[in-house]
Amino acid sequence: SLVHDAIDRMKKGDKIPTIDLELKHKRCLQSFIDWWNKEQPQIIHHEYIVWAEDYAGTVDFKCRIKSDNYQKVWLIDYKTSKSIHAAHTVQVVSYLKADQYMHQMGYGVGDPATDGAILHLGNTTIKKYSFLPIKDVEKNYALFKSFLTTFKLLRPNAQPTVEAYPEFFELN
């Protein structure tokens, strides 16, 4: 999304011009900056792919944060939706488990994630963000695995869609 891309660019030192941004995007980016300034995260990695035996996904952010004295390794997923749903929690848990699996297999990046959280940006709270640590990791992972099993039963031959595009888009 636009917000995810802008956050990734800011972490690399880019400035994001606000002139063309919609209000909701400005609100999300400002709330991320407010969270960043409060937590002063130590970046481990961002926007990277995690995988396990039978699934994969893209992690938004892996870091340590000030509020726990930089003790835990957080795997954080940004959400800009109006509300947070159970599926969001299950997604974060699946990424957390995949990150840990990659470390067990010798392919991990930085220290293995110890905890997962949703960073809900641009919401209606006073701060305009909520940092929501994931609870009941094992229960939520069991739920994810049951969803995955059901998906495999319903779509046994599912494959990713491959699309090809030209190097440049242009109008003639």
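Up top you'll find the structure we're talking about.
Everything quoted here is computed from the prediction, not taken from an experiment. (Residues numbered from 1 in each chain as written. Predicted model: local features only at pLDDT ≥ 70, side-chain atom pairs only at ≥ 80, totals over all residues. Heavy atoms only, no water.)

Caption draft 1: Fine view of the pairing of strand β3 (residues 74–79). Of all six residues that make up β3, six are buried, and the element is covered over most of its length. Relative to β3, strand β2 (residues 56–64) is paired through three bridges, and the arrangement is antiparallel. Note that in β3 the partner of C63 across the bridge is W74. Two elements, β3 and strand β4 (residues 115–121), share six bridges in a ladder whose sense is parallel. Looking at the pairing, W74 lines up with D115 of β4. With respect to chirality, the unit in which β3 leads through helix α3 (residues 86–104) into the neighbouring parallel β4 is right-handed. (Buried < 20%, exposed > 50% of the residue type's maximum accessible area, 1.4 Å probe, protein only. Helix = DSSP H or I, 4+ residues; strand = E, 2+ residues; numbered from the N terminus. Pairing = 2+ DSSP bridges. Right-handed = clockwise from strand over helix to strand, strands pointing away.)

Caption draft 2: Region of the structure containing the pairing of β4. Across the seven residues of β4, six count as buried, placing the element largely inside the fold. As paired elements, β4 and strand β5 (residues 129–133) share five bridges and run antiparallel to each other. Following the sheet pairing, L121 is matched in β5 by Y129.

Caption draft 3: Molecular detail of the layout of surface pockets. The space that makes up the largest pocket amounts to roughly 250 Å³. Forming the walls of the largest pocket are K24, H25, R27, C28, T80, S81, K82, L121, G122, N123, T124 and K128. A per-element tally of the lining of the largest pocket places helix α2 (residues 23–39) first, with four residues. Lining the second largest pocket we find D54, L148, F151, K152, R155, P156, A158, Q159 and P160. Broken down by class, the residue content of the lining of the second largest pocket amounts to five nonpolar, one polar and three charged. (1 Å grid on protein atoms, 1.4 Å probe; cavity = no way out; pocket = protein on both sides within 12 Å on 5 of 7 lines; lining within 4 Å. Points joined across faces, edges and corners; volume = space filled by probe spheres on them. Nonpolar A, V, L, I, M, F, W, Y, C, P; charged D, E, K, R; others polar.)

Caption draft 4: Structural context of the packing of aromatic side chains. Tallying each qualifying case throughout the model produces 13 aromatic pairs. For the pair W51 and Y107, a centre-to-centre distance of 5.6 Å together with 55 degrees between the ring planes defines the contact as tilted. Residue W51 is found in strand β1 (residues 42–51), and its partner Y107 is found in the loop between α3 and β4; the two are separated by 56 residues along the sequence. Clustering of aromatic rings is evident, with ring pairs tying together F32, W35, W36, F61, W74, Y78 and F131. K11 extends its terminal NZ or CZ atom over the ring of F61, reaching a point 3.9 Å from the ring centre. Geometry around Y141 places K97 over its ring, the cationic atom sitting 5.5 Å from the centre. (Phe/Tyr/Trp six-rings, centres within 6.5 Å; stacked < 30°, edge-to-face > 60°. Lys NZ or Arg CZ within 6 Å of the ring centre and 35° of its normal.)

Caption draft 5: Focus on the packing of helix α1 (residues 2–11) against α2. It is at 10 Å that the axes of α1 and α2 come closest, and there the two elements cross at 40 degrees. Here α1 is positioned oblique relative to α2, judged by the angle of their axes. The element α1 and its partner α2 pack so that their crossing is right-handed. In this structure, α1 contributes L2, V3, A6, I7, M10 and K11 to the contact, and α2 contributes H25, C28, L29, F32, I33 and W36. Looking at the contact of α1 with α2 residue by residue, the class counts come to ten nonpolar, one polar and one charged. (Axes fitted to C-alpha atoms, helices over the stretch in contact; angles between N-to-C directions. Parallel < 35°, antiparallel > 145°, perpendicular 65-115°, else oblique. Left-handed = near helix turned anticlockwise from the far one by under 90°. Contact = heavy atoms within 4.5 Å.)

Caption draft 6: Expanded view of the packing of α3 against helix α4 (residues 137–154). One way to put it is that α3 packs onto α4 with a least axis distance of 9 Å and a crossing angle of 95 degrees. If you check the angle between α3 and α4, you find them roughly perpendicular. Between α3 and α4, the residues in contact are T89, V90, V93, S94, L96 and K97 and V137, E138, N140, Y141, L143, F144 and F147, respectively. Per-class residue counts for the contact of α3 with α4 are eight nonpolar, three polar and two charged.

Caption draft 7: Looking closely at the sheet that holds β4. Taken together, the five strands give an open sheet; going across it, the order is β1-β2-β3-β4-β5, and neighbouring strands pair in mixed fashion. Of all the strands in the sheet, just β1 and β5 have a single pairing partner and so form its edges. In this sheet, neighbouring strand axes are inclined to one another by 30 degrees on average, regardless of whether the strands run parallel or antiparallel.

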